[in-house]
Amino acid sequence: MRQKNRHGIPIWPFLGMLPSLVVGLRCNMYEWISDILHRQNGTFIFKGPSFSSLHCVVTSDPRNLEHLLKTKFSIFPKGPYFRDTMRDFLGDGIFSADDETWQKQRKTASIEFHSAKFRQLTTESLLELVHKRLLSVLEKAMNNSISLDLQDILLRLTFDNVCMIAFGVDPGCLRPDLPKIPFARAFEDAHMRFVMPTCVWKTMKVFNLGTEKKLKISIKGVDKFANEVIHTRKRELSLKEQNKKQRSDLLTVFMGLTDEQGRPFSDKFLRDICVNFILAGRDTSSVALSWFFWWLNKNPDVEEKILTEICKIMGEREEIRNGELKNSNELIFRSEEIKKMDYLQAALSEALRLYPSVPVDHKDVKSSN
């Protein structure tokens, strides 16, 4: 009990805090971590088994976060531990890259994200997915009284959307039959490495056992999908140079760039870039929306206020006032209308504050500070 009060978690001989971590993983891990941080005034030191690399400082103190992510950002990279753990899946993409590689990918993507063509591509793909797929899947489930996993549906929606943006292809994961997504499985299996001693998952990898066996199969599926798209795009661009100007997806943009030696990027580098951006766009958006709808279900008064605001703003349209809108599924919000939805924006922001899409971020340290 004295150890728990001092360190936040009991420390066992040889095993450190690992037994408590295993218990935490069996319940709500993030609530478990938050509870410890609350008791320890926002920061505690996690000590893993003596034979492992599970040793770290866990913090939620705003002052520490500002120091890590802003003031001294350059000396707190992802680091070799993170890259070694996620390299099989993420490669040298933006999620695991540091220094110049990270800066170049971020700068290129940032310029593209703010282009008019990119915004148009995003809007068109979302309209297609929401009105012709998402609403159809939800309507079918409602008419047949079928329960759905909303987070799974939203993951499929964002996966299809971000694939259109990153690769310029439509994988069709939001089809009525709801096919399996190897990409999602790969990320979930890869994350298991962070809660295992390094020597354990590396041994499992050598002997092709457990989660490492599943991860290997999932990564093969991801690589096959990515490589097929890259090779197809290269053939398209070689046959018709004009396509390069017409397309505005990330893959085509990076295919037009060169490395430090002036050579085109390798297929592996292109694969890493696109897989990382798919992961970034897919998980963050779908997780945020899942928590938002869960929160609305728990707070019907908030849902009522959002609907009231939307109805008031949409009621200003002439075709709605005149009763000329025959099918509500054809209703598409305009950008100027969305900007007026202050309560909806506040509700989304509050959901993100309470349930952030990326609740845990890993950082290493280069030097003492």
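Residues numbered from 1 in each chain as written. Predicted model: local features only at pLDDT ≥ 70, side-chain atom pairs only at ≥ 80, totals over all residues. Heavy atoms only, no water.

A.B. asks: Before we move on, can you summarise the overall build of the chain with the specific residues and values?
C.D. replies: From N to C terminus, the chain includes 18 helices and 2 strands. In terms of overall size, the chain behaves like a compact globule, its C-alpha atoms giving a radius of gyration of 23 Å where 369 residues would be expected to give roughly 21 Å. With the C-alpha coordinates of the chain rotated into their principal frame, the extents come out at 75 × 55 × 45 Å. Within the chain, buried positions represent 38% of all 369 residues. At a minimum sequence separation of 6, the contacts of the chain that also span at least 24 residues come to 64%. (Helix = DSSP H or I, 4+ residues; strand = E, 2+ residues; numbered from the N terminus. Rg over C-alpha atoms; globule rule 2.2 N^0.38 Å. Buried < 20%, exposed > 50% of the residue type's maximum accessible area, 1.4 Å probe, protein only. Contact = heavy atoms within 4.5 Å.)

A.B. asks: I'd love a proper account of a nonpolar patch on the surface, names of residues and values included.
C.D. replies: Taken together, the side chains of Leu138, Ile146, Leu148, Leu150 and Phe293 present a nonpolar region at the surface, about 390 Å² in accessible area. For Leu150, the position within the fold is in helix 8 (residues 150–166). Exposure remark for Leu150: the relative accessible area of 35% places this residue in the partly exposed category. (Patch = residues over 30% accessible without salt bridge, like charges linked within 9 Å, V, L, I, M, F, W, Y side chains within 5 Å. Areas by Shrake-Rupley, 256 points an atom, 1.4 Å probe, with all protein chains shown as cover. Salt bridge = Lys/Arg side-chain N within 4 Å of Asp/Glu carboxyl O.)

A.B. asks: Quick rundown of the side chain of Thr252? Include the residues and the values.
C.D. replies: As for its placement among the helices and strands, Thr252 is situated in helix 13 (residues 250–255). Polar side-chain contacts of Thr252 include one of 3.1 Å to the side chain of Arg233. (Polar contact = N/O pair within 3.5 Å; in protein donor to acceptor, adjacent residues only side chain to side chain.)

A.B. asks: Can you break down the packing of helix 14 (residues 267–298) against helix 18 (residues 342–354) residue by residue, with the values?
C.D. replies: It is at 9 Å that the axes of helix 14 and helix 18 come closest, and there the two elements cross at 110°. The angle between helix 14 and helix 18 falls in the class roughly perpendicular. Facing helix 14, whose interface residues are Ala288, Phe292 and Trp295, helix 18 presents Leu344, Ala347, Leu348, Glu350, Ala351, Leu352 and Leu354. Residue composition of the contact of helix 14 with helix 18, grouped by class: 9 nonpolar, no polar and 1 charged. (Axes fitted to C-alpha atoms, helices over the stretch in contact; angles between N-to-C directions. Parallel < 35°, antiparallel > 145°, perpendicular 65-115°, else oblique. Nonpolar A, V, L, I, M, F, W, Y, C, P; charged D, E, K, R; others polar.)

A.B. asks: Describe the nonpolar core, and please don't skip the residues or the numbers.
C.D. replies: By size, the foremost hydrophobic cluster in this structure holds 24 residues, and its most contacted members are Phe167, Leu251, Leu270 and Ile278. Mapped onto this core, the elements with two or more residues apiece are helix 8, helix 11 (210–239), helix 13 and helix 14. Here this core gets 6 residues from one element, more than from any other, and that element is helix 14. When sequence neighbours within four positions are dropped, the list of residues in contact with Leu270 reads Ile230, Leu251, Phe254, Met255 and Phe265. By size, the runner-up hydrophobic cluster in this structure holds 13 residues, among which are Val302, Ile306, Ala347 and Tyr355. (Core = buried A, V, L, I, M, F, W, Y, C linked by side-chain atoms within 4.5 Å.)

A.B. asks: How would you explain the packing of aromatic side chains if you had to name every residue and give the values?
C.D. replies: Under the counting rule described, the total for this entry stands at 8 aromatic pairs. Ring centres 5.5 Å apart and planes at 85° place the aromatic pair Phe167 and Phe225 in the edge-to-face group. Placement of Phe167 in the loop between helix 8 and helix 9 (182–191) and of Phe225 in helix 11 is noted, with a sequence separation of 58 residues between them. Judged by centre distance (5.6 Å) and plane angle (90°), the rings of Trp294 and Tyr355 are edge-to-face. Here Tyr355 lies in the segment after helix 18 and Trp294 lies in helix 14, a separation of 61 residues in the sequence. You can call Trp294 partly exposed: its relative accessible area is 37%. (Phe/Tyr/Trp six-rings, centres within 6.5 Å; stacked < 30°, edge-to-face > 60°.)

A.B. asks: Outline helix 2 (residues 18–26), supporting the account with residue identities and numerical values.
C.D. replies: Taken together, the buried positions of helix 2 are Leu18, Ser20, Leu21 and Gly24. Take helix 2 and look down its axis: the buried residues cluster within an arc of 155°, on one side only. Exposed residues pointing more than 90 degrees away from the buried face of helix 2 are listed as Val23 and Arg26. In this fold, the buried residues of helix 2 make contact with helix 3 (29–39) and strand 1 (43–47). (Arc of directions from axis to C-beta.)

A.B. asks: An account of unusual backbone geometry is needed here, citing residue identities and associated values.
C.D. replies: Even without a glycine there, the phi angle at Asn41 is positive, about 60°. In this structure, Asn41 sits in the loop between helix 3 and strand 1. A positive phi angle, near 55°, is found at Asn208, a position not held by glycine. For Asn208, the location among the structural elements is in the loop between helix 10 (198–206) and helix 11.

A.B. asks: Outline the packing of helix 8 against helix 14, listing residues and values.
C.D. replies: Contact geometry of helix 8 with helix 14 gives a least axis separation of 8 Å together with a crossing angle of 145°. In terms of crossing hand, the pair formed by helix 8 and helix 14 is right-handed. For the pair helix 8 and helix 14, the contacting residues are Leu150, Gln151, Leu154, Leu155, Thr158, Phe159, Val162, Cys163 and Ala166 in the first and Cys274, Phe277, Ile278, Gly281, Arg282, Ser285, Ser286, Val287, Leu289, Ser290 and Phe293 in the second. Residues that form the contact of helix 8 with helix 14 fall into these classes: 13 nonpolar, 6 polar and 1 charged. (Left-handed = near helix turned anticlockwise from the far one by under 90°.)

A.B. asks: Got a sec to walk through helix 6 (residues 99–113)? Specific residues and values, please.
C.D. replies: Look at helix 6: 21 Å from first C-alpha to last across 15 residues, which is about the 21 Å you get at 1.5 Å a residue. Of all the positions in helix 6, only Gln105, Thr108, Ala109 and Glu112 are classed as buried. Buried residues of helix 6 fall within an arc of 95° about the axis and therefore sit on the same side. Residues of helix 6 that are exposed and point more than 90 degrees away from the buried face comprise Glu100, Lys107 and Ile111. (Expected span 1.5 Å × (residues − 1).)

A.B. asks: Residue-level account of the environment of Tyr355, with values.
C.D. replies: Residue Tyr355 is classed as buried on the basis of its relative accessible area of 18%. Measuring from C-alpha to C-alpha, the distance between Tyr355 and Leu21 comes to 21 Å, with 334 residues separating the pair along the chain. Among residues more than four places away in sequence, those in contact with Tyr355 are Trp291, Trp294 and Trp295.

A.B. asks: Outline the pattern of salt bridges, listing residues and values.
C.D. replies: All told, the structure shown has 23 salt bridges when counted by the stated rule. Across the salt bridge formed by Arg233 and Glu236, the nearest N and O atoms sit 3.2 Å from each other. Taken as a pair, Arg233 and Glu236 lie in helix 11 at a separation of 3 residues, close to a single helical turn. In this structure, Asp267 engages Lys234 in a salt bridge whose closest nitrogen and oxygen atoms are separated by 2.4 Å. Here Asp267 is found in helix 14, whereas its partner Lys234 is found in helix 11, with 33 residues between them in sequence. Judged by relative accessible area, which is 23%, Asp267 ranks as partly exposed. By relative accessible area, Lys234 is classed as partly exposed at 36%.

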